[in-house]
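Examination of the molecular architecture
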Amino acid sequence: MKAINPANNELIKEYKEHTKEEVCQIIEVCHNEHLSWRNTTFGDRAKLMHKAADTLRENKEEYARTMTLEMGKIIAEARAEIEKCAWVCDFYADNAERFLQDEIIETDASKSFASFEPIGVVLAVMPWNFPFWQVLRFAAPALMAGNGGVLKHASNVPGCALAIEDVFHKAGFPENIFRTMLISSGKVADVIRNDHIKAVTLTGSEPAGMQVASLAGQMLKKTVLELGGSDPYIVLEDADIEACVETSVTARMINAGQSCIAAKRFIVVESVAKQFEEGHTRIMKSLKVGDPLSDDTQVAPMARTDLLEELDEQVRKSIKLGAKLLCGGKKADRPGTFYLPTVLSDVKKGMPVYNEETFGPVTAIIKVRNALEAVEVANDSEFGLGGSLWSQDLPKAESIARRIETGSVFINGMTKSDPRLPFGGIKKSGFGRELSHYGIKEFVNIKTIWIA
């Protein structure tokens, strides 16, 4: 298992994969640890989770650098990711007991209530693009609920995977309540089949989600899936175009565009399309491509060569089908897997950048006549993860937001995840929810207790 720096394609470090026997042992000791951990108090768990938050902040530069070296994220975004991970740890430390307190339900009994109890060891299959955040947003609620956790991280971020395990060790958690397994994707099936694994959460591609959900279903194990997205960014005729344009670049370019909830399809009403298009393209052209460890770099490399090649093919096919290239559209002339910020206009149904998820720094602008058509185009997708809507008529915007088929809609702001809000999608973007009180309740036994 190799960690390759995408900024220069040089080997960082090679890691030895865990054997089948070692994986079984990791799961076994996590299960055994959970048998004690589930009986600890919320107060005891909270103290440790707050320490995990402190550990993240105290080691922010080290963890951020590991992220940047392994998957290319610019260092400023990597630091922000660590801060967000600390936030989610503090959030669940402060709120888990309240979220999981008994829910009294009036019936004909003298007392009846729902109790929320841990279920055991949860397997997390996580991606590379937010290598700390997507793990911590699962681990913090799972551990606070009294569960154990084992992590199968993406193969290109083994250093991050081991660092996350070390966060919990440094914070004083029981040694085996959260463990990392360095294994290939082909070994995940055996992990799911293990009797000690009680549920699976996966963030990743649609094919990976289908495979994991299928196998977990055969084993009657619950899954939560957060898969791909092709989020609409809707600009109506009464939008604050200046604010909308400025936010649109961040919404598209965060993590070099490699985000499930990045804005990807920019659906713009014709009357303001030229103004939006010119402003967005001007800023995209001005962004600085460079060393992701430099604080003034604005465009990072893509995580892997195969991802760059796939994105480039989507762009080229779309141009061949009639999309208009306004900037970019090719690999940067420098070492590493850098793709230039790209804007395509006149995008139509049938083009790859309309129909498929584009996981990289590519904007697809789709012009529509009015709000009604904007909603139709927004919903004309296999995905339904997030979305953004821009209008100064807030009652109208709220009404339109309710008609968009997606897990979230942000009005006059970019789509983002927040520990206080439920996060997840519909359609081929997956099912289940993370974060908020909804997330912590995904992996508990909701038990009815009735007393005559």
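Keep in mind that what you see is a predicted model, and the values were worked out from it rather than measured. (Residues numbered from 1 in each chain as written. Predicted model: local features only at pLDDT ≥ 70, side-chain atom pairs only at ≥ 80, totals over all residues. Heavy atoms only, no water.)

Turning next to the sheet that holds strand 10 (residues 231-235). Strand order across the open sheet formed by seven strands is 12-13-14-11-10-16-17, with mixed pairing between neighbours. On the outer flanks of this sheet lie strand 12 (324-327) and strand 17 (410-411), each paired with one strand and no other. By the bridge criterion, three bridges tie strand 10 to strand 16 (residues 388-390) in an arrangement that is parallel. Residue pairing in the sheet places I234 in a bridge with L389 of strand 16. (Pairing = 2+ DSSP bridges. Helix = DSSP H or I, 4+ residues; strand = E, 2+ residues; numbered from the N terminus.)

Further remarks concern the sheet that holds strand 3 (residues 103-104). Strand order in the open sheet made by the three strands is 3-4-20, with antiparallel pairing throughout. Only two strands of the sheet have a single partner each, and these edge strands are strand 3 and strand 20 (444-451). Where strand 3 and strand 4 (residues 111-118) come together, two bridges link them in antiparallel fashion. When the sheet's bridge partners are listed, I104 is paired in strand 4 with F113.

Before going further, it helps to spend a moment on the state of the cysteines. Evaluation of the coordinates by the stated rule reveals zero disulfides. Lacking any disulfide linkage, C160 is separated from the closest cysteine sulfur, that of C85, by 10 Å. The exposure class of C160 is buried, given its relative accessible area of 0%. Counting only cysteine sulfurs, C327 is the nearest neighbor of C244, a cysteine outside any disulfide, at a range of 17 Å. Since its relative accessible area comes to 0%, C244 is described here as buried. (Disulfide = S-S within 2.5 Å. Buried < 20%, exposed > 50% of the residue type's maximum accessible area, 1.4 Å probe, protein only.)

The tally for this structure, following the rule as stated, stands at eleven aromatic pairs. The interplanar angle of 85 degrees and the centroid separation of 5.9 Å between the aromatic rings of W128 and F359 together place this pair among those described as edge-to-face. Here W128 is found in the loop between strand 5 (121-125) and helix 5 (133-144), whereas its partner F359 is found in the loop between helix 12 (352-355) and strand 14 (362-368), with 231 residues between them in sequence. No difference in accessibility class separates W128 from F359, as the two residues are buried. The structure contains a cluster of three or more aromatic residues connected by ring pairs, namely W37, F168, F173 and F178. Directly above the aromatic system of F130 lies the positively charged group of K73, at a separation of 4.0 Å from the ring centroid. Positioned over the ring face of F338 is R334, at 4.6 Å from the centre of the ring. (Phe/Tyr/Trp six-rings, centres within 6.5 Å; stacked < 30°, edge-to-face > 60°. Lys NZ or Arg CZ within 6 Å of the ring centre and 35° of its normal.)

A few words now on the environment of Q298. Tracing the backbone through its elements, the reader meets Q298 in the loop between helix 10 (270-286) and helix 11 (305-320). We classify Q298 as partly exposed; its relative accessible area is 39%. Distance in space between the C-alpha atoms of Q298 and T337 is 15 Å, their sequence separation being 39 residues. The contact partners of Q298, leaving out residues within four places of it in the chain, are I74, S286, L287 and K288. Side-chain polar atoms of Q298 contact the backbone nitrogen of K288, separated by 2.9 Å. (Contact = heavy atoms within 4.5 Å. Polar contact = N/O pair within 3.5 Å; in protein donor to acceptor, adjacent residues only side chain to side chain.)

The geometry of helix 3 (residues 60-71) relative to helix 4 (residues 75-99) is characterised by a closest axis approach of 8 Å and an angle of 125 degrees between their N-to-C directions. As summarised for this structure, helix 3 and helix 4 are arranged oblique, according to the angle between their axes. As for the relative orientation of helix 3 and helix 4, their crossing is right-handed in sense. Judged by residue contacts, K60, E61, Y63, A64, R65, M67 and T68 of helix 3 engage I75, A78, R79, E81, I82 and E83 from helix 4. For the contact of helix 3 with helix 4, the residue count by class is six nonpolar, one polar and six charged. (Axes fitted to C-alpha atoms, helices over the stretch in contact; angles between N-to-C directions. Parallel < 35°, antiparallel > 145°, perpendicular 65-115°, else oblique. Left-handed = near helix turned anticlockwise from the far one by under 90°. Nonpolar A, V, L, I, M, F, W, Y, C, P; charged D, E, K, R; others polar.)

Counting across every chain of the model gives 30 salt bridges. With a shortest N-O distance of 2.7 Å, E442 and K222 are connected by a salt bridge. Of this pair, E442 sits in the loop between helix 15 (436-440) and strand 20 while K222 sits in strand 9 (residues 222-226), placing them 220 residues apart in sequence. By relative accessible area, E442 is classed as buried at 14%. Between E237 and K396 there is a salt bridge, with its nearest N and O atoms 3.6 Å apart. Of the two residues, E237 sits in the loop between strand 10 and helix 9 (241-253) while K396 sits in helix 14 (residues 394-401), which places them 159 residues apart along the sequence. With a relative accessible area of 38%, E237 lands in the partly exposed category. Classification of K396 as partly exposed rests on a relative accessible area of 26%. One network of salt bridges, with partners in common, ties together R57, K60, E83 and D90. (Salt bridge = Lys/Arg side-chain N within 4 Å of Asp/Glu carboxyl O.)

In this section: the side chain of S429. One can find S429 in the loop between strand 18 (426-427) and strand 19 (430-431). Among the polar contacts made by the side chain of S429, one reaches the main-chain amide nitrogen of G384 at a distance of 2.8 Å. Looking at S429, its side chain comes within polar contact range of the main-chain nitrogen of L385, at 3.4 Å. Leave out the neighbours within four places in its chain, and S429 touches L225, E226, L227, G228, G229, E382, F383, G384 and L385.

All right, on to helix 11 then. Relative to the 22 Å expected for 16 residues at 1.5 Å per residue, helix 11 spans 23 Å between its end C-alpha atoms, a close match to the ideal helical length. Listing the buried residues of helix 11 in full gives L307, L308, L311, D312, Q314, V315 and S318. Taken down its axis, helix 11 places every buried residue within 155 degrees of arc, on the same side. Looking at helix 11, the residues exposed on the side facing more than 90 degrees away from the buried face are R316 and K320. (Expected span 1.5 Å × (residues − 1). Arc of directions from axis to C-beta.)

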